[in-house]
Amino acid sequence: MAIRALLRFPDPRLRLVAEPVTVFDQDLRDLAADLLDTMRAAPGIGITAPHIGIGRRVVVLQLEGPGSARTYVNPRILWASEETILHTEGSVSMPGVADEIRRHARVRITYQDIDGTERTEEAEGLLAVCHQHEIDQLDGMFWIQRLSKLKRDRLVKRYEKLLRA
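Residues numbered from 1 in each chain as written. Predicted model: local features only at pLDDT ≥ 70, side-chain atom pairs only at ≥ 80, totals over all residues. Heavy atoms only, no water.

> For the pattern of salt bridges, give the residues involved together with the corresponding values.
A complete count under the given rule lists 13 salt bridges for this structure. Among the salt bridges present, the one from Arg-103 reaches Asp-136, with a minimum N-O distance of 2.8 Å. With a gap of 33 residues between them, Arg-103 in strand 5 (residues 99–104) and Asp-136 in helix 2 (residues 125–138) connect regions that are remote in the sequence. Assigned by exposure class, Arg-103 and Asp-136 land together as buried. One salt bridge connects Lys-149 with Asp-153, and the closest N-O pair in it is separated by 2.9 Å. You can see Lys-149 and its partner Asp-153 sitting in helix 3 (residues 149–164), four residues apart, about one turn around the helix. Beyond isolated ion pairs, a larger network of salt bridges with shared partners links Glu-89, Arg-103, Asp-136 and Arg-146. (Salt bridge = Lys/Arg side-chain N within 4 Å of Asp/Glu carboxyl O. Helix = DSSP H or I, 4+ residues; strand = E, 2+ residues; numbered from the N terminus. Buried < 20%, exposed > 50% of the residue type's maximum accessible area, 1.4 Å probe, protein only.)

So this is what it looks like as structure tokens:
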């Protein structure tokens, strides 16, 4: 459909809590298509509506080939394993920098599909990390908030240096 402009860190809108989706219509389908196009252009493997300045609880993930994209509306975590993993994360809103974040190794989420049908999904590894990362974003928690202050400050300095270059 269309590639939308991405909000860039430290835009304060990235810290806002997204509102639940209540209407499942063509506008929602168009938003999901635009998110997919924007994510691919970034490039990235996950994106939320807040990344493009729209405060709605919509996530698009594509971890494999072109036909693997999935849209999650109003996702939330139902259960998370005690076991954790470290995974390198970044953001389409802060390109060029990444760092390791500790996340639950497995999660069970509930969400609605693009038609509003309630679904649940169990995930592990990268998919579990992506669900946690994007749900954090919907909750107004930008991924670097999970880093220690020292690591976060260093990463922000690296990002600012990239922007100046």
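There is more to say, and it comes next.
> Now, about helix 1 (residues 26–41): what can you tell me, with residues and values included?
Helix length check: helix 1 (16 residues) gives 22 Å between terminal C-alpha atoms against 22 Å at 1.5 Å per residue, within 8%. Of all the residues in helix 1, the buried ones are Leu-28, Leu-31, Ala-32, Asp-34, Leu-35, Leu-36, Thr-38 and Met-39. One side-chain oxygen at the N-terminal end of helix 1 lies 3.2 Å from the backbone nitrogen of Asp-27; it belongs to Asp-25. (Expected span 1.5 Å × (residues − 1). Polar contact = N/O pair within 3.5 Å; in protein donor to acceptor, adjacent residues only side chain to side chain.)

> I'd like a rundown of helix 2, residues and numbers included.
The end-to-end C-alpha separation of helix 2 is 20 Å, in line with the 20 Å expected for 14 residues at 1.5 Å each. Of all the 14 residues making up helix 2, 11 are buried; the element is thus mostly covered by neighbouring parts of the structure. Within the span of helix 2, buried status applies to Ala-128, Val-129, Cys-130, His-131, Gln-132, His-133, Glu-134, Ile-135, Asp-136, Gln-137 and Leu-138. In the stretch just after helix 2, Gly-140 is the one whose phi turns positive, near 85 degrees.

> How would you sum up the pairing of strand 2 (residues 58–61)? Please name residues and give values.
For a regular strand, side-chain orientation follows a simple rule: the groups alternate between the two sheet faces. Going residue by residue along strand 2, you find Val-58 and Val-60 tucked away on one face and Val-59 and Leu-61 tucked away on the opposite face as well. One ladder, built from three bridges, connects strand 1 (residues 46–48) with strand 2; its direction is antiparallel. Counterpart to Thr-48 in the pairing with strand 2 is Val-59. Here strand 2 runs beside strand 3 (residues 70–80); their pairing, made up of four bridges, is antiparallel. Paired with Val-58 across the two strands is Val-73, which belongs to strand 3. (Pairing = 2+ DSSP bridges.)

> Run through the packing of aromatic side chains, naming residues and quoting values.
Under the defined criterion, the tally for this structure stands at three aromatic pairs. Ring centres 6.1 Å apart and planes at 70 degrees place the aromatic pair Phe-9 and Tyr-159 in the edge-to-face group. In this pair, Phe-9 sits in the segment before helix 1 while Tyr-159 sits in helix 3, placing the two residues 150 residues apart along the sequence. Taking the relative accessible area as the measure of exposure, Phe-9 reaches 13% and is therefore buried. Plain terms: the ring middles of Tyr-72 and Tyr-111 are 4.7 Å apart, the flat faces sit at 65 degrees to each other, and that makes the pair edge-to-face. (Phe/Tyr/Trp six-rings, centres within 6.5 Å; stacked < 30°, edge-to-face > 60°.)

> Tell me about unusual backbone geometry, residues and numbers included.
With an omega dihedral of 10 degrees, the bond running from Phe-9 to Pro-10 counts as a cis peptide bond. Here Pro-10 lies in the segment before helix 1. Here the amide bond leading from Ala-42 into Pro-43 is cis, since omega sits at -10 degrees, within 30 degrees of zero. Even without being glycine, Asn-74 reaches a positive phi, approximately 55 degrees.

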